[in-house]
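What follows is the residue order along each chain.
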Amino acid sequence: MFGPKAGGLGGAFYGNAYILLALTTLMWGGNAVAGRLAIGEVSPMALVVLRWAGVVILMGVVSRKKVLAEWPVLRQRIWFLFALGTLGFTMFNGLFYVAAHSTVAINMGILQGSIPVFVLIGALIAYGTRVSLVQGAGVLLTMVGIILIAAHGELERLAALEFNHGDLLMLMACALYAGYTVALRKRPNVSGIAMFTVMAAAAFVTALPLAAVEVYTGDFQWPTLKGWGIVLFVTLFPSFLAQIFFLRGVDLIGPGRAGVFVNLVPIFASGLAVVVLGEVFAWYHAAALVLVLGGIALANRTKS
């Protein structure tokens, strides 16, 4: 691993990784905006199915040889990867797009910032990973930010335990994605791109029954012309390119440094929601953003 050297190979090496990772989180932040724009243009499960169908096609072109070469190892853990794709991609995205119908993109972005804290809690439960007092303070700080968002800054909502339906769905989605992230510790010894391809295929397959439920209930909606544009966007950017860029960023600077960039998602999502959707950035959004990001910073502190 090269160290950063101003003007030298190392500087370009790190700079390329940082650009790729910043673009990754920008695209992930844009997914919240896409979820709001999709309302009335394409139903949530139709969007999930079409999104992962597109990713499977693209990844088939890009990583076909890699998957075939590593198939003996992938096949041994196929049900594990199937479960990961269902949890981290199908369920997360399904809840994400349903939540978009009853909350704003700013809330969705900020609440996504809670995922690293849920991961910390999940690692404690699953593996007994110890949490320091500083990390515990970070968890508490982030939870205060989450509660502030869920209550929309209104203390009377807290007293009456009245929370926005969409915000609660987003929290469920974040908890599921954290579970997926914690489970990745047991991933098979294969390349990230081959593993992602298999999980994307699993996401497509497991999204089909959910889309069938939408058809049965009369809620299924094929994309309008604008809806197809949204499908194309979430397929190419938050799914395909973002994953490729993130995997490359991890290869260049390691998972620890790359993971820190996820903290940019709430910032990008909030900014895009204001600029693209014209949403109002209220005082409690600013306070929650500070609390969530500050909590993540503390939660990511390790003992020296």
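Here's what I pulled together on the structure shown here. Keep in mind that this is a model prediction, so the values were computed, not measured.

About the criteria used
- Residues numbered from 1 in each chain as written.
- Predicted model: local features only at pLDDT ≥ 70, side-chain atom pairs only at ≥ 80, totals over all residues.
- Heavy atoms only, no water.
- Helix = DSSP H or I, 4+ residues; strand = E, 2+ residues; numbered from the N terminus.
- Contact = heavy atoms within 4.5 Å.
- Areas by Shrake-Rupley, 256 points an atom, 1.4 Å probe, with all protein chains shown as cover.
- Axes fitted to C-alpha atoms, helices over the stretch in contact; angles between N-to-C directions.
- Parallel < 35°, antiparallel > 145°, perpendicular 65-115°, else oblique.
- Left-handed = near helix turned anticlockwise from the far one by under 90°.
- Nonpolar A, V, L, I, M, F, W, Y, C, P; charged D, E, K, R; others polar.
- Salt bridge = Lys/Arg side-chain N within 4 Å of Asp/Glu carboxyl O.
- Buried < 20%, exposed > 50% of the residue type's maximum accessible area, 1.4 Å probe, protein only.
- Polar contact = N/O pair within 3.5 Å; in protein donor to acceptor, adjacent residues only side chain to side chain.
- Core = buried A, V, L, I, M, F, W, Y, C linked by side-chain atoms within 4.5 Å.

**Concerning the overall build of the chain**
Link 1 in the chain: Counting its regular elements, the chain contains 13 helices and zero strands.
Link 2 in the chain: Within the chain, contacts between residues at least 6 apart in sequence are counted, and of these 85% link residues at least 24 apart.
Link 3 in the chain: For the chain, the exposed area adds up to about 14,300 Å²; of that, 71% sits on carbon and sulfur atoms.

**Let's talk about the packing of helix 9 (residues 192-217) against helix 10 (residues 225-253)**
Link 1 in the chain: Where helix 9 meets helix 10, the axes come as close as 10 Å, and the angle between the chain directions of the two elements is 150 degrees. With respect to their mutual orientation, helix 9 and helix 10 come out roughly antiparallel. The element helix 9 and its partner helix 10 pack so that their crossing is right-handed. Residues G192, I193 and F196 of helix 9 touch helix 10, and the partners they reach there are S239, Q243, I244 and L247.
Link 2 in the chain: Taken together, the residues of the contact of helix 9 with helix 10 break down into four nonpolar, three polar and no charged.

**Quick look at the pattern of salt bridges**
Link 1 in the chain: All chains considered together, the criterion is met by two salt bridges.
Link 2 in the chain: When the shortest N-O distance is used, the salt bridge between R36 and E279 registers 3.8 Å. Here R36, found in helix 1 (residues 9-37), pairs with E279, found in the loop between helix 12 (265-277) and helix 13 (283-299); they are 243 residues apart in sequence, far enough to count as distant.
Link 3 in the chain: Residue classification places R36 among the partly exposed residues on the basis of a relative accessible area of 25%.
Link 4 in the chain: You can call E279 buried: its relative accessible area is 13%.
Link 5 in the chain: The partner of K66 in a salt bridge is E70, and the shortest N-O contact between them spans 3.9 Å. Of the two residues, K66 and E70 both sit in helix 2 (residues 44-76), four residues apart, roughly one turn of that helix.
Link 6 in the chain: With relative accessibility at 15%, the residue E70 sits in the buried group.

**Notes on the side chain of T197**
Link 1 in the chain: By the element assignment, T197 lies in helix 9.
Link 2 in the chain: A polar contact is formed between the side chain of T197 and the side chain of S63, at a distance of 2.6 Å.
Link 3 in the chain: Among residues more than four places away in sequence, those in contact with T197 are M59, S63 and V67.

**Thoughts on the environment of W79**
Link 1 in the chain: You can see W79 is positioned in helix 3 (residues 78-99).
Link 2 in the chain: The class for W79 is exposed, based on a relative accessible area of 68%.

**Observations concerning the nonpolar core**
Link 1 in the chain: Grouped together as the largest cluster of nonpolar side chains are 64 residues, with contacts concentrated most on L47 and W52.
Link 2 in the chain: The leading source of residues in this core is helix 2, at 11 residues.
Link 3 in the chain: In contact with W52, not counting residues within four places along its chain, are F89, N93, F196, A200, A203 and F204.

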